Amino acid sequence: MTFDTWISEPSNWAFSVVGLATLLAGFRVVTAKNVVHAALFLVGAMGGVAALFLLLSAEFVAWALVLVYVGAVIILLLFGIMITRAPTGIDETLSGDKRALPGVLAVALFALITWASVEAFGDATLATIGDPTSTDTLGEMLVTRFVIPFEVVGFVLLGALVGGITIARRDLTPLEEEQRGGLA
Amino acid sequence: MIADLLSNFWVALVAKLLLVALAIPLIGMVVGFGEMKLSAKMQARVGPYFAGGRWGWAQLLADGIKFFQKEDLIPRDADKPVFKFAPVVVMMGTVALFVVIPWGPGLIFRDLSVGIFYALAISSLTTVGVLMAGWSSANKYSLIGGLRAAGQMIAYELPLVFSALAVVIMAGTMSMQGIVEAQIEAGYPFVILQIVGFVIFVIASLAELSRIPFDLPIAESELVMGYLTEYSGFRFLFFFLAEFANMFSMSAIAVTLFLGGWYLPGIPADALEYLGPVILVVKSLILVFAMIWFRWAFPRVRQDQLQSLAWKWLIPISLANVILTGVFKVVL
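Residues numbered from 1 in each chain as written. Chains lettered and ligands numbered in written order. Predicted model: local features only at pLDDT ≥ 70, side-chain atom pairs only at ≥ 80, totals over all residues.

## Focus on the overall build of chain B
Stated precisely, the cut-off is as follows: Each helix corresponds to a stretch of at least 4 residues labelled H or I by DSSP, and each strand to a stretch of at least 2 residues labelled E; elements are numbered beginning at the N terminus. Exposed residues have 12 or fewer other C-beta atoms within 10 Å of their own C-beta, buried residues have 20 or more, and residues in between are partly exposed; the C-beta atoms are placed from the backbone.
A tally of helices and strands in chain B yields 13 helices and zero strands. Secondary structure elements of chain B, listed N to C terminal, follow the sequence α-α-α-α-α-α-α-α-α-α-α-α-α. Counting only C-alpha atoms, chain B reaches 60 × 55 × 45 Å along its principal axes. For chain B, the residues scored as buried account for 48% of the 332 residues in total.

This is the structure in structure tokens:
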């Protein structure tokens with residue numbers, strides 16, 4: 001594909017704008033000097049990724065991303081930050097000085113994902129461009145072809161849930177139990 | 001002529017945007033005025049009386065103009081960009097909800113195939129806006145209000161989604177028009193078999209809207225309006241309009257899911273083209289009336305009661321409702 005044909009396609013323009021905005025938001029997540037600002041930029045980055053999915057006609061995935069990440073994960077994140085410490089203004093201690101190793105790791109991870117995607121899909125084109133993937137098809141795929149990964153993810157989440165409760169709960173000492181009069 | 005113009009994508013887009021931009025303040029004012037007058041009636045007061053000459057009908061218009069004149073105060077310690085942007089985020093969630101409300105046969109801004117899922121996802125933007133407002137005000141009352149709002153919305157989002165899920169199972173589609181058509185085809189509104197789901201949906205949407213008895217994030221008597229404390233002028237107006245417009249749009253979604261949407265049996269199909277929006281608005285306003293009525297009928301719940309109601313009662317019941325609906329769908 002030459003650059004002329006690429007640029008004449010409006011969806012490529014949309015892809016470029018949304019992609020750049022997402023990258024910028026992602027960059028600001030790690031460089032923001034205020035932890036709440038970082039979380040809010042994460043909302044922007046998630047919205048950008050959802051918009052990319054919309055451009056790929058993956059409507060359900062896009063809105064699932066908004067529902068789960070913006071609607072639940074980031075709100076819990078913000079909730080956690082605000083209930084513990086959330087000063088307004090700039091926090092200079094927020095960025096650590098160890099940047100080389102995480103930088104190398106990030107580049108390596110990016111290279112790995114790029115390599116894996118190119119290796120797996122190569123020149124394959126999406127057959128459904130312009131025609132949203134129906135949720136029926138998606139649901140059927142999830143409980144037939146992808147049922148094992150689906151169940152495995154379920155187990156991982158269950159494990160996380162049990163782990164979370166174990167960490168958060170605190171057994172009462174005998175004295176406290178006595179104070180409660182055994183009513184607890 | 002007009003049909004020709006509207007077939008142009010950009011003209012249609014601008015027309016739709018203008019329609020929503022006019023509809024939201026209008027709906028907000030109608031619901032807000034209804035709240036003022038009904039509250040007054042229920043307390044044996046007169047309510048707004050002088051503005052506009054008769055019944056005080058122009059009271060909300062006057063209030064709106066008053067808000068525009070007021071100074072746009074921003075606290076010195078506030079996080080200015082976040083503080084300024086928060087009302088916009090709340091309004092974005094409100095406007096985006098109107099995209100999938102079906103007003104009549106073929107009368108919908110966009111009949112997304114994932115309609116109800118989109119509505120539930122996009123309404124979480126409002127929560128982000130409320131948290132932004134609460135934190136950026138640099139005020140303890142605001143922060144507590146924002147935190148309460150977040151805790152409440154996380155808890156009540158699940159019963160809301162589950163009760164909508166039962167309807168999706170019944171209808172076999174997530175498209176809002178599809179759900180209305182499924183009810184026409186079935187011959188009865190889904191509320192008949194989904195009465196449990198309907199009750200849970202209404203309770204959860206009351207909580208999502210921070211209405212009494214779940215108005216802890218605002219709680220005038222203890223938090224002096226919570227996350228709204230520091231807002232004034234037109235930014236306050238944004239929150240105010242969004243709240244009333246949200247009351248209407250949540251009711252419209254409940255009507256679409258459970259009460260047959262724009263359809264009323266006995267009305268010929270060609271008349272529905274014009275009467276559809278009227279039917280939807282009347283049905284929604286009945287639910288809005290119930291919400292205003294609840295405000296003067298129930299006391300505010302405590303924080304622990306609010307959380308245990310959601311996690312110990314609504315979520316298990318709505319899950320059981322989903323399972324029962326699934327079994328019912330497969331067996332019949």
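## Here we look at the overall build of chain A
Quick reminder of the rule: What the globule rule says is 2.2 Å times the number of residues to the power 0.38, and the radius of gyration is computed from C-alpha atoms. Here, residues touch in the contact sense if the C-beta positions derived from the backbone fall within 7 Å of one another.
Tallying secondary structure elements over chain A gives eight helices and zero strands in all. Mapped in sequence order, the helices and strands of chain A form the string α-α-α-α-α-α-α-α. Relative to a compact globule of 184 residues, whose C-alpha radius of gyration would be 16 Å, chain A shows 22 Å and is clearly more extended. If you line up chain A on its principal axes, its C-alpha atoms span 80 × 50 × 30 Å. For chain A, the proportion of its 184 residues judged to be buried stands at 15%. Taking the intrachain contacts of chain A between residues at least 6 apart in sequence as the baseline, contacts between residues at least 24 apart amount to 62%.

## Side note on helix H7 (residues 140-171) of chain B
Residue and element names in this part refer to chain B. Note the following rule: Helix span is expected to be 1.5 Å times the residue number reduced by one. Two axes are fitted around each residue, one to the seven residues ending there and one to the seven starting there, and the angle between them is reported as the bend at that residue.
With 32 residues, H7 extends 46 Å between its outermost C-alpha atoms, agreeing within 8% with the 46 Å of an ideal straight helix rising 1.5 Å per residue. Of all the bends found along H7, the most pronounced is centred on tyrosine 156 and spans about 30 degrees, while proline 159, a proline, follows it within four residues. Most of H7 is tucked away: 27 of the 32 residues are buried. Phi for glycine 172, located one or two positions after H7, is positive at around 75 degrees.

## So, the environment of threonine 126 of chain B
Residue and element names in this part refer to chain B. Turning to its location among the elements, threonine 126 is positioned in helix H6 (residues 124-136). On the neighbour-count criterion, threonine 126 (26 C-beta atoms within 10 Å) is buried. As for threonine 126 and arginine 45, which are separated by 81 residues in sequence, their C-alpha atoms are 33 Å apart. Discounting chain neighbours no more than four positions away, the residues touching threonine 126 are Val90, Gly93 and Thr94.

## Description of the nonpolar core
Most often, soluble globular proteins have nonpolar side chains that are buried together. What counts is decided by this rule: Nonpolar core, as used here: buried Ala, Val, Leu, Ile, Met, Phe, Trp, Tyr and Cys residues forming one set through C-beta atoms within 7 Å.
By size, the foremost hydrophobic cluster in this structure holds 120 residues, and its most contacted members are Met46 and Val66 of chain A together with Ile116, Ala164, Val167, Phe201 and Leu257 of chain B. Not counting the four nearest positions on each side in its chain, valine 167 of chain B is found in contact with Ile179, Phe190, Gln194, Gly197, Leu257 and Phe258 of chain B.

## A closer look at helix H4 (residues 80-97) of chain B
The end-to-end C-alpha separation of H4 of chain B is 27 Å, in line with the 26 Å expected for 18 residues at 1.5 Å each. The largest bend along H4 of chain B reaches roughly 30 degrees and is located at alanine 86 of chain B, with the proline proline 87 of chain B sitting one to four residues downstream. Restricting attention to buried positions, one finds in H4 of chain B the residues Val82, Phe83, Ala86, Pro87, Val89, Val90, Gly93, Thr94 and Leu97 of chain B. Here the buried face of H4 of chain B lies against helix H3 (35-55) of chain A together with helix H2 (9-42), helix H5 (115-122), H6 and helix H11 (233-258) of chain B.

## So, the interface of chain A and chain B
What counts, and what does not: For this classification, the nonpolar set comprises Ala, Val, Leu, Ile, Met, Phe, Trp, Tyr, Cys and Pro, the charged set comprises Asp, Glu, Lys and Arg, and every other residue, Gly included, is treated as polar.
Between chain A and chain B, the residue contacts involve 22 residues of the former and 29 residues of the latter. At the level of secondary structure, the elements contributing two or more residues to the side of chain A that touches chain B comprise H3 and helix H4 (59-84) of chain A. For the side of chain A that touches chain B, the residue count by class is 17 nonpolar, four polar and one charged.

## Notes on the environment of leucine 101 of chain A
Residues and elements named next belong to chain A. With respect to the element layout, leucine 101 can be found in helix H5 (residues 100-121). We classify leucine 101 as exposed; it has 8 C-beta atoms within 10 Å. Separated by twelve residues in sequence, leucine 101 and isoleucine 113 have C-alpha atoms that sit 18 Å apart.

## Quick word on unusual backbone geometry
Residue and element names in this part refer to chain B. Of note, the phi angle at alanine 138 is positive, near 55 degrees, even though the residue is not glycine. Taking the C-beta count within 10 Å as the criterion, alanine 138 has 18 such neighbours and is therefore assigned partly exposed. Even without being glycine, serine 210 reaches a positive phi, approximately 55 degrees. Locating serine 210 in the fold gives a position in the loop between helix H9 (195-208) and helix H10 (220-223).

## Side note on the packing of H9 of chain B against H11 of chain B
Residues and elements named next belong to chain B. Definition in use: Axis definition: a line fit to C-alpha positions, over the contact stretch in the case of helices; interaxial angles, taken between N-to-C directions, run 0 to 180 degrees. For this classification, under 35 degrees means roughly parallel, over 145 means roughly antiparallel, 65 to 115 means roughly perpendicular, and everything else is oblique.
Between H9 and H11, the shortest axis-to-axis distance is 11 Å and the interhelical angle comes to 170 degrees. Comparing the axis directions of H9 and H11 gives the class roughly antiparallel. Packed against H9, whose contacting residues are Phe198, Phe201, Val202 and Ser205, the element H11 presents Met250, Ala254, Leu257 and Phe258 at the interface. Counted by class, the contact of H9 with H11 contains seven nonpolar, one polar and no charged residues.

## Focus: the packing of H4 of chain A against H7 of chain B
As a reminder of what qualifies: In this scheme the crossing of two helices becomes right-handed for a clockwise turn of the near helix relative to the far one and left-handed for an anticlockwise turn of less than a right angle.
One way to put it is that H4 of chain A packs onto H7 of chain B with a least axis distance of 10 Å and a crossing angle of 150 degrees. For the element pair H4 of chain A and H7 of chain B, the recorded crossing hand is left-handed. On H7 of chain B, the residues touching Gly71, Ala72, Ile75, Leu76, Leu78, Phe79, Met82 and Ile83 of chain A of H4 of chain A are Leu143, Gly146, Leu147, Ala150, Gly151, Ile154 and Glu157 of chain B. Residue classes in the contact of H4 of chain A with H7 of chain B are distributed as eleven nonpolar, three polar and one charged.

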